[in-house]
Amino acid sequence: MSVLLFGVSHRSAPVSVLERLTVSDTDRPKIVEALVRSPAVSEAMLVSTCNRVEVYAVVEAFHPALEAVGDVFGQHTGMSVSELTGHAYVRYSEAAVEHLFTVAAGLDSMVVGEQQILGQIRTAYTEADQHKSAGRTLHELAQQALRVGKRVHHETGIDRAGASVVSVALHRAQATRNAGADQPPMRSAVVFGAGAMGSLATSQLARDGVHEITIVNRTAARATELAEGVAERYGVTAYGTSFDSMAEVMADADVVVTCTGSVSSVIGVADVHSALKQRTNPAPLMFCDLGIPRDVDPVVAALPGVHVINIEGLRDDEETKAAQDDAVAARGIVAAELSDYLAAQRQAEVTPTVAALRQRAADLVEAEILRLQSRLPDLDTAQRDEVAKTVRRVADKLLHAPTVRVKQLASTGRGDHYAEALRELFELKPGAAESVSASEAGIAAHGDSDSH
């Protein structure tokens, strides 16, 4: 069995597609239930946030499972398979595990290092467990992913990375304003995007002394909600609006911060031209483009009276470099944890075969001891016990080296070949290993459920 990931996120799809894929709290169990009803899927977990929808499924074969997932989401969204696949990413086996660990570490979020995703993964697993769609594989995977995320936040400064980028960009903007002439501090700002990065930006602006903040979002209601929150927390004047009024709100802003998560530019040359025509503010129009990819058309930077600061231009800053170092350290932890997890899984794959081999040896030993008792009935109890111990000890010693070695070799990624060799060499019955595995899985699942 392997893990299949089917996902759509802010990195692969525009907001309009993400909105169609949004899964409500009531729909999430229904979708998971529909997935596990498919013969191609044995376990399923759905991670759903405002910026991503990802299914982690335990499957026997790749193509039938992918088709089943596509069908379920097609029914949920009304989108065709071709529409979905045009915006989706698919990972299988080790790549799916690596992606989940990366997500849990906050390395795939719009705001690098944000911790909210850990709670969302925990919620996804808890719901799957409650609805009996998570078995042993997803239990181990989800628990390990949560441990990876916690370790990354504990051992690195990754949770400061997103905030540091916003802070550095705004300070660079103020320094650039003061370069040509002594300009007053920035007092008015426009923030494009009402997601996690937009929330960070508004908070940083308020702390830096900006008195008036306008939040622009595809959905005006979400912008208004964020504006009301920042106004209440910091005592600033804040408004929410939609993209329809972008030129008007940019016209007299001291700084425009963009962090929409769009896969293409949202502010073009025509929009900026229109804003400049209405502008009465003598200072240059400052853009802090924090979008990846860029929210502001690169041509905008060539316009007179405009200055654009983007992510690439911040990479030489010491604070930004420190954030990058934290990200590198976090990726190192993810890589190490992935290696350990995969090695343990590969060893677990050969465990049923090893158990079946030991059981076969035990059966043979017991049969020979019974045979000996029938041939030498005059042996007393102490003698029979000593002979039995000796035979069992010999069998254990003979099996020790091959069973230890096969577990070691399993971690190299070819464990199934070594397990097959053991089955051939020792004439293990077909299905013997699988029956031991099923028995162990049942015991483990019973133990897991008792612990909740």
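What counts as what
- Residues numbered from 1 in each chain as written.
- Predicted model: local features only at pLDDT ≥ 70, side-chain atom pairs only at ≥ 80, totals over all residues.
- Heavy atoms only, no water.
- Phe/Tyr/Trp six-rings, centres within 6.5 Å; stacked < 30°, edge-to-face > 60°.
- Helix = DSSP H or I, 4+ residues; strand = E, 2+ residues; numbered from the N terminus.
- Buried < 20%, exposed > 50% of the residue type's maximum accessible area, 1.4 Å probe, protein only.
- Expected span 1.5 Å × (residues − 1).
- Pairing = 2+ DSSP bridges.
- Axes fitted to C-alpha atoms, helices over the stretch in contact; angles between N-to-C directions.
- Contact = heavy atoms within 4.5 Å.
- Core = buried A, V, L, I, M, F, W, Y, C linked by side-chain atoms within 4.5 Å.
- Parallel < 35°, antiparallel > 145°, perpendicular 65-115°, else oblique.

A. Inspection of the packing of aromatic side chains at higher detail. Evaluation of the coordinates by the stated rule reveals four aromatic pairs. Residues F62 and Y92 carry aromatic rings whose centres are separated by 5.1 Å and whose planes lie at 75 degrees to one another, so their mutual orientation is edge-to-face. One end of the pair, F62, is in helix 3 (residues 62-77); the other, Y92, is in strand 4 (residues 89-92), and 30 residues separate them in sequence. Judged by relative accessible area, Y92 falls into the partly exposed class, the value being 29%.

B. Structural view of helix 9 (residues 196-207). Compared with an ideal rise of 1.5 Å per residue, which puts 12 residues at 16 Å, helix 9 spans 17 Å between its outermost C-alpha atoms and is within 8% of the ideal. Here helix 9 has its buried residues at M197, G198, A201, T202, S203, Q204, L205 and A206. Downstream of helix 9 by one or two residues, G209 has phi in the positive range, about 100 degrees.

C. Representation of unusual backbone geometry within the structure. In this structure, S93 takes a positive phi of about 60 degrees despite not being glycine. Examined against the element boundaries, S93 turns out to sit in the loop between strand 4 and helix 5 (94-104). Despite not being glycine, K132 has its phi angle at roughly 60 degrees, a positive value.

D. Geometry of the sheet that holds strand 10 (residues 306-310). Within the open sheet, the six strands sit side by side as 7-6-5-8-9-10. Their pairing is parallel. Edge positions in the open sheet fall to strand 7 (237-242) and strand 10, since each of these has one partner strand only. Taken pair by pair, the neighbouring strands of this sheet meet at an average axis angle of 20 degrees, ignoring direction. Note: strand 6 (residues 212-217) against strand 7, six bridges, orientation parallel. If you follow I215 over to strand 7, its bridge partner there is G240. Packing of helix 9 onto the sheet brings it into contact with strand 5 (188-192), strand 6 and strand 8 (255-258), and relative to strand 5 it is tilted by some 170 degrees.

E. Main features of helix 6 (residues 116-130). Between its terminal C-alpha atoms helix 6 stretches 21 Å, which fits the 21 Å expected from 15 residues at 1.5 Å a residue. Those residues of helix 6 lying buried are I117, L118, I121, A124, Y125, E127 and A128. At its buried positions, helix 6 is contacted by helix 2 (27-37), strand 2 (41-48), strand 3 (52-59), helix 5 and helix 7 (136-155).

F. The arrangement of the sheet that holds strand 1 (residues 2-9) in detail. An order of 2-3-1-4 is seen for the four strands of this open sheet, with the pairing classed as antiparallel. Each edge of the open sheet is held by one strand with a lone partner, namely strand 2 and strand 4. Between one strand and the next, the sheet's axes are offset by a mean angle of 15 degrees, whatever the strand orientation. Its contacts with the sheet place helix 2 against strand 2 and strand 3, and it is angled at close to 155 degrees to strand 2.

G. Representation of the nonpolar core. Within the largest apolar cluster, 37 residues are counted, with the highest numbers of intra-cluster contacts made by M45, Y56, F101 and L141. For this core, the secondary-structure elements that each account for two or more residues are strand 1, strand 2, strand 3, helix 5, helix 6, helix 7 and helix 13 (318-375). Dropping the residues within four chain positions of it, L141 is found in contact with V3, V97, L100, F101 and Y341. By size, the runner-up hydrophobic cluster in this structure holds 30 residues, among which are A189, V230, V236 and V255.

H. Up close: the environment of L84. Note on placement: L84 falls in helix 4 (residues 81-87). Taking the relative accessible area as the measure of exposure, L84 reaches 3% and is therefore buried. Here the alpha-carbon distance between L84 and G7, two residues 77 residues apart in the chain, equals 9.6 Å. Residues in contact with L84, not counting those within four places in the same chain, are F6, L21, G70, F73, G74, T77 and M79.

I. Here's a closer look at the packing of helix 5 against helix 6. Between helix 5 and helix 6, the shortest axis-to-axis distance is 8 Å and the interhelical angle comes to 130 degrees. With respect to helix 6, the element helix 5 is oriented oblique. Of the residues in helix 6, those in contact with L100, V103 and A104 of helix 5 are I117, L118 and I121.

Taken by themselves, the reported measurements are silent on function.
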